[in-house]
Amino acid sequence: MSVVWTGLAVILVFCIALGSRLAMVGLPPIYDELYQMLPALSWQAHQDYSLLDGIYDRAWRYTRLISLSFELAGDQTMAAARFLPSAVPGALLVAIVFLWARLVVGWTAAVAAAFFLVFWPNGIEVSQYLRFYSLQGVVFVIGALLVYLGLTRDMGRAPRLACLLLALPFFAFAVHLQKMTFLGIAAILLWAVLVPGWGWLRHRTDRGRILMVLGVACLTAAAAILILFQDSLADLWRLYRWEPWPAHDDRTFYHRHFRDNYPTMWPLFPLAAVIALRVRFVPASFCILLFTVTFFLQSFGGLKNIRYLYPTMPFFFVTWGIVLQAGLVPALGYLRRTTQQLLPDTLPVRGRDMVVFSILGLCVLWLIAANAAFERSTRLMVGAEQQMLLGKRRWAWKEAEEFTRPWLEDGAVIVSTEELLALSWLGDYDLGYNRPRFSEMQFVLGPETPPFTTDFRLGRPVIGDLASLQRVMSCHPVGIVLSNAPWVDGENARRVAQMATALGAEVVSRQGSDMSMIGWRSAPTDIASEECEDLEGLSGAAERILSGASRPQLPASARLDR
């Protein structure tokens, strides 16, 4: 009977979690999502991952899953794109963690962890984010829990080995989706050595000899890895420490996030960890090590974003679930007795109980409401934050055709600071002016990468500074720079206008609800051909757009006026 109730509870948790992650599933994409959406459309049409003349095949299995989601839904909307690849894995993660906590700790811990996970703002956002993080999170967690079962459950050698071997393809798939998975795998290995490994070793009478053999084996393996994989390890270290321009050495990023979103839970987490270790050492040690190791490794790494903690964040909540299971009943009992002593004896018993119950309820609600994460998760559940996702706005360049048509007819060179938006709303562009993207090119190709190097993702040249853009303006008498709406009011836009004016060009700027444009027109100049010969092939997008050879690639929801 317990198995039936547990199964029904898992299904219920999955349904609740899925329902909490659907309010924004059909909204227009944010910029990064187009890197997966557009190749998925290309895969459906041409069986490749092309973006203009480039290729974006990062996490290509995830891209194919989006394409499969299109086929199952029978359309190519954003809701169809996000549901199977992101929303379902996000809900499945909640159900799996709930089931595991129920099996290894108990009902109270499982329900508490499920509550925290359902009301987890980053979990809600990532589950409606068309990137691979939601799928990576659930795949990693399945692999981690298989390792836990294989090293802790009382079963035969063959089932143990089967669990450990079965975890390997899950980890491999998670690494395929996101290389930061290696940090979580390192945390699991550390736990395996410190807890199950040490627990097995301390019962051995020959542990001194075993430690010596293991020490020699580890040193030999480490030396072999350093020799055989020196270049790969160096590349991973560079990737771990790198971040695109502008770079910030911000080691308190994740601490500030938890401080601001969980002010009740975060300051008490060290105390919660001690209590959890005391009452349920093995599962608590697993949860605490997975969360804290990845927390500290991410804090000292280069790239910072709260979604990078998505795969191990559930273990933070399970730790608190263990604490609540151990202390909730005694704490509520103490509060009940204390509250009763404060009330006058003249109140009837039923009235006293109602007052006590109300006060306890208000205390619990106050603890929940004091954490900004719960208020924000509620807003996300009802779709109140439609313009933002993961701190980024949904830009819709609805005025793109209106703004650009007169310039395209004059053969303007098209420069865009947001290349994928130009591709989505216009269908093409000539040059990317994108300093963060150019810094990525320098990371991949080397620091000496020159301006106008072709971006292998999109097959168009990219620059990262205004000096390069000034060369374009000198060699092309008509051109436009397209960007999001606030850009036209910024310092870079003012400098572009000044450079064009200094060249004797007429400058026009326009600003819409979500996009802006600066255009320049000047008489052809007699610049020496050698100064412009490498830029002669820069234009051409205007002709391709006007002829219909390049067409806007809009996900269905992006056409809606939201």
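It should be emphasised that the depicted structure is a prediction, and the values quoted were computed from it without experimental measurement.

S.K.: Mind laying out the layout of surface pockets, listing which residues take part and the relevant values?
M.R.: Each pocket or cavity is described by its volume, and for the second largest pocket that value is around 800 Å³. Lining the second largest pocket are 26 residues, and of these Phe-116, Trp-320, Leu-324, Leu-328 and Leu-367 sit closest to its centre. Contributions of two or more residues to the lining of the second largest pocket are made by helix H5 (107-118), helix H13 (269-279), helix H15 (313-342) and helix H16 (349-369). It is H15 that provides the largest number of residues to the lining of the second largest pocket, a total of eight residues.

S.K.: How would you explain the pairing of strand E8 (residues 460-463) if you had to name every residue and give the values?
M.R.: Relative to E8, strand E6 (residues 431-433) is paired through two bridges, and the arrangement is parallel. Directly across from Tyr-433, in E8, lies its bridge partner Ile-463. Looking at chain direction, strand E7 (residues 453-455) and E8 are connected through three bridges and run antiparallel. Bridge pairing in E8 places Thr-453 opposite Val-462. Here E7 folds back onto E8, and the loop between the two strands holds four residues, one of which, Gly-459, carries a positive phi near 70 degrees.

S.K.: Tell me about the state of the cysteines, and name the residues and values.
M.R.: Within this structure, the stated rule accounts for one disulfide. Here Cys-475 connects covalently by a disulfide to Cys-532, the sulfurs 1.9 Å from one another. Between Cys-475 and Cys-532 the sulfur-sulfur dihedral comes to about -80 degrees; the bridge is accordingly left-handed. Remark: Cys-532 occurs in helix H23 (residues 529-532) and Cys-475 occurs in helix H21 (residues 466-475); sequence separation between them is 57 residues. No disulfide involves Cys-163; its nearest neighbouring cysteine sulfur is the one of Cys-287, lying 17 Å away. Judged by its relative accessible area of 15%, Cys-163 is buried.

S.K.: Describe the packing of aromatic side chains, with residues and values.
M.R.: According to the stated counting rule, one finds 45 aromatic pairs in the structure shown. Ring geometry for Phe-258 versus Tyr-262: centroids 6.2 Å apart, planes at 35 degrees, classification tilted. For Phe-258, a relative accessible area of 0% translates into the label buried. A cation over a ring is seen here: Arg-457 above Tyr-35, with NZ or CZ 4.9 Å from the ring centre. Taking the ring centre of Trp-407 as reference, the NZ or CZ of Arg-521 above it sits at 3.8 Å.

S.K.: Could you give me a rundown of the confidence of the model for the chain, with the residues and numbers involved?
M.R.: In low-pLDDT segments, the atomic positions of the prediction should not be examined closely. Summary statistics for the chain give a mean pLDDT of 89 and a share of 96% for residues scoring 70 or more. Every residue in residues 558-562 scores below 50 in pLDDT, and together they form eleven contacts with partners more than four places removed in sequence or on other chains.

S.K.: Please set out the sheet that holds strand E9 (residues 478-484) residue by residue, giving values where relevant.
M.R.: A sheet is described by the order of its strands in space; here seven strands give the open sequence E7-E8-E6-E5-E9-E11-E10, paired in mixed fashion. One side of each edge strand has no neighbouring strand; the edge strands of this open sheet are E7 and strand E10 (506-511). If you compare each strand with its neighbour and ignore which way they point, the axes differ by 30 degrees on average. Pairing between strand E5 (residues 413-416) and E6: two bridges, direction parallel. Along E6, the bridge assignment pairs Ser-416 with Gly-432. Strand contacts of H21: E5, E6, E8, E9 and strand E11 (515-521), with the helix running at about 145 degrees to E6, the strand carrying the most contacts.

S.K.: Explain a negative patch on the surface to me, and be specific about the residues and the numbers.
M.R.: A contiguous patch of negative charge, built from Glu-530, Glu-531, Glu-533 and Glu-536, is present on the exposed surface. Secondary-structure assignment places Glu-536 in the loop between H23 and helix H24 (541-547). Overall, Glu-536 belongs to the exposed group, its relative accessible area being 57%.

S.K.: Account for the packing of helix H7 (residues 133-152) against helix H8 (residues 157-177), with residues named and values stated.
M.R.: As a packed pair, H7 and H8 sit with axes 8 Å apart at the nearest point and diverge in direction by 160 degrees. One element, H7, and the other, H8, form an angle in the roughly antiparallel class. The element H7 and its partner H8 pack so that their crossing is left-handed. Classifying every residue of the contact of H7 with H8 by side-chain character gives 18 nonpolar, four polar and one charged.

S.K.: Describe the nonpolar core, with residues and values.
M.R.: Counting residues in each nonpolar core, the largest one holds 134 residues, and the members touching the most others are Phe-258 and Phe-316. In terms of residue count, helix H4 (residues 78-104) provides more of this core than any other element does, 13 residues in total. Not counting chain neighbours up to four residues away, the residues in contact with Phe-258 comprise Pro-263, Trp-266, Phe-291, Phe-295, Ile-306, Leu-309, Met-313 and Phe-316.

About the thresholds
Residues numbered from 1 in each chain as written. Predicted model: local features only at pLDDT ≥ 70, side-chain atom pairs only at ≥ 80, totals over all residues. Heavy atoms only, no water. 1 Å grid on protein atoms, 1.4 Å probe; cavity = no way out; pocket = protein on both sides within 12 Å on 5 of 7 lines; lining within 4 Å. Points joined across faces, edges and corners; volume = space filled by probe spheres on them. Helix = DSSP H or I, 4+ residues; strand = E, 2+ residues; numbered from the N terminus. Pairing = 2+ DSSP bridges. Disulfide = S-S within 2.5 Å. Buried < 20%, exposed > 50% of the residue type's maximum accessible area, 1.4 Å probe, protein only. Phe/Tyr/Trp six-rings, centres within 6.5 Å; stacked < 30°, edge-to-face > 60°. Lys NZ or Arg CZ within 6 Å of the ring centre and 35° of its normal. pLDDT = per-residue confidence, 0-100. Contact = heavy atoms within 4.5 Å. Axes fitted to C-alpha atoms, helices over the stretch in contact; angles between N-to-C directions. Patch = residues over 30% accessible without salt bridge, like charges linked within 9 Å, V, L, I, M, F, W, Y side chains within 5 Å. Areas by Shrake-Rupley, 256 points an atom, 1.4 Å probe, with all protein chains shown as cover. Salt bridge = Lys/Arg side-chain N within 4 Å of Asp/Glu carboxyl O. Lys, Arg positive; Asp, Glu negative; His and termini not counted. Charge placed at Lys NZ, Arg CZ, Asp CG, Glu CD. Parallel < 35°, antiparallel > 145°, perpendicular 65-115°, else oblique. Left-handed = near helix turned anticlockwise from the far one by under 90°. Nonpolar A, V, L, I, M, F, W, Y, C, P; charged D, E, K, R; others polar. Core = buried A, V, L, I, M, F, W, Y, C linked by side-chain atoms within 4.5 Å.

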